[in-house]
2 protein chains.
Amino acid sequence: MCDSCGCHIPEHATPQTVDVHESLLAANTKQAKENRRHLDEMGAIAINLISSPGSGKTTLLEHTIQHLRDEITIGVIEGDIETERDADRIKKQGAPAIQITTGGACHLDARLVHKGLHQLQHEASTSKFDIIFIENVGNLVCPATFDLGEHERIVLISVPEGSDKPAKYPKAFTSSQIFLITKTDLLQYFDFSTEEAKTEAMKLNPALRILELSSTTEKGFEEWLSYLRQLVKR
Amino acid sequence: MCDSCGCHIPEHATPQTVDVHESLLAANTKQAKENRRHLDEMGAIAINLISSPGSGKTTLLEHTIQHLRDEITIGVIEGDIETERDADRIKKQGAPAIQITTGGACHLDARLVHKGLHQLQHEASTSKFDIIFIENVGNLVCPATFDLGEHERIVLISVPEGSDKPAKYPKAFTSSQIFLITKTDLLQYFDFSTEEAKTEAMKLNPALRILELSSTTEKGFEEWLSYLRQLVKR
């Protein structure tokens, strides 16, 4: 396995192959640093959301925008392999959003986000954002390796996915600041142990902050919204 | 994007970078062909299961083994980034299983499966299998690019993930023979349109066979088991 980008490299790989992977990741890290500088100049906090497909990232953003649109200026960069649907859903909530379609690639990278930031400023006709959410491609593996220049990284696991997932997909947890357990309104229908999910996640990353919430019932939303308000103030 | 392996390659990539990706995929394809020859010699049908984390692959295999263990010889190769849990679950059902942990890599490749086949024969002390299931790493993106030497590829989407997923993750659908809609006992709790999922999948791949099932209630299991019995007979 390539230590740099997480790609699998055969045992017989030449040093040249390893060099190419390392240089790809080094270029990404350089661009990510540039993105962070750009975001700092704009005064915006960027949040990178990482999860499997269907864990409820877009629905969470829809509800979050409904609550905060009158007090916090939010922009959204949506990453998907295909389709513009998620950006359309966000725009309906009144927040500017742009869609990056990767055309097959399994994660966003810093270069795509750099372009996305410029598109978002153009779309909104402003550079003034308090928070820019970056919804990564639905994939719990590859996005964890790529710094996009974000200030906060959030990993989401929904109740239907199972409480064994932190132990199975560790990198998303070791590299995040926040772990959101979503779709908690479904706990009664699934064999999901909140205790197991939390314990395994904390073993991987003792500094992780864990929030439990449901976008359907909005249980846990007060803590989530408080966390976002604190981010903007700090 | 690299046409060969689906990795994202920056616009400024050198021809050397593209060559490395192409040679990685060519090596995989060669090994996959070798695996298929090996499986044919063994008289085994290999089935590659591709889905997001938590779509119910392991649970489906547990129930399938319970039904078929007296008539069909089943072996399982489990792929995960970390942990041996899934192989342990399968062994409890009385089928030989081995675990491949990729140590970070986001998909199985043909070389790992080649090793896995030998380990499985060693574990079972036999080369006689009717069906070998290969449960890929939970990831709806990257595994779709890598031929493992399987005879059948199955893509799974569970009801909680949402019916928009075929359109968003097309390659898993264009490269599969079967599409399983799983956890159908949960349809009443989710805004999942079976019609949308089927229509979008058929647009991508009109030859796709679609089965709907629930491992909890075993609704749809008769058709699933018939399909497996037919595979073994043909």
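In case you missed it, the structure is sitting above this.
In this report, we go over the structure that sits alongside the text.

What counts and how
- Residues numbered from 1 in each chain as written.
- Chains lettered and ligands numbered in written order.
- Predicted model: local features only at pLDDT ≥ 70, side-chain atom pairs only at ≥ 80, totals over all residues.
- Heavy atoms only, no water.
- Helix = DSSP H or I, 4+ residues; strand = E, 2+ residues; numbered from the N terminus.
- Buried < 20%, exposed > 50% of the residue type's maximum accessible area, 1.4 Å probe, protein only.
- Pairing = 2+ DSSP bridges.
- Axes fitted to C-alpha atoms, helices over the stretch in contact; angles between N-to-C directions.
- Contact = heavy atoms within 4.5 Å.
- Phe/Tyr/Trp six-rings, centres within 6.5 Å; stacked < 30°, edge-to-face > 60°.
- Buried area = accessible area lost by both parts, 1.4 Å probe.
- Salt bridge = Lys/Arg side-chain N within 4 Å of Asp/Glu carboxyl O.
- Polar contact = N/O pair within 3.5 Å; in protein donor to acceptor, adjacent residues only side chain to side chain.
- Nonpolar A, V, L, I, M, F, W, Y, C, P; charged D, E, K, R; others polar.

### Points about unusual backbone geometry
- Positive phi, normally seen in glycine, also occurs at Ser125 of chain A, with a value near 55°.
- Mapped onto the fold, Ser125 of chain A is located in the loop between helix H4 (110-124) and strand E4 (131-135).
- Classification of Ser125 of chain A by relative accessible area gives exposed; the value is 67%.
- Of note in the backbone geometry, Lys183 of chain B takes a positive phi value of approximately 60° without being a glycine.

### Focus on the sheet that holds strand E6 (residues 178-182) of chain B
Residue and element names in this part refer to chain B.
- Within the open sheet, the seven strands sit side by side as E3-E2-E4-E1-E5-E6-E7. Their pairing is parallel. Looking at the sheet topology across the chains shown, the edges are occupied by strand E3 (97-101) and strand E7 (209-212). When strand polarity is set aside, the average angle formed by the axes of neighbouring strands in this sheet is 20°.
- Note that strand E2 (residues 74-80) and strand E4 (residues 131-135) share five bridges and pair parallel. From the neighbouring strand, Gly75 faces E4, where its bridge partner is Ile132.
- Along the sheet, helix H3 (residues 85-92) makes contact with E2, E3 and E4, crossing E3 at roughly 175°.
- Lying over the sheet, helix H4 (residues 110-124) contacts E2, E3 and E4, oriented at roughly 150° with respect to E3.

### Quick notes on the packing of aromatic side chains
- Applying the stated criterion across every chain, the model contains five aromatic pairs over all chains.
- Consider the rings of Phe173 of chain A and Phe179 of chain A, whose centres lie 4.9 Å apart with planes at 85°: the pair is edge-to-face. As far as burial versus exposure is concerned, Phe173 of chain A and Phe179 of chain A are alike and both buried.
- When the centroid spacing of 3.9 Å and the interplanar angle of 25° are considered together, the rings of Tyr189 of chain A and Tyr189 of chain B count as stacked.

### Overview of the interface of chain B and chain A
- Every contact between the two is made by 52 residues of chain B and, on the other side, 52 residues of chain A.
- Taking both sides of the interface into account, the surface hidden between chain B and chain A amounts to around 4,200 Å²; carbon and sulfur atoms contribute 61%.
- Salt-bridge contacts for Glu200 of chain A lead to Arg85 of chain B; the nearest nitrogen and oxygen are separated by 3.1 Å.
- For the pair chain B and chain A, the number of links is ten residue pairs in polar contact (both at pLDDT 80 or more).
- Of the residues in the side of chain B that touches chain A, the class split is 22 nonpolar, 15 polar and 15 charged.

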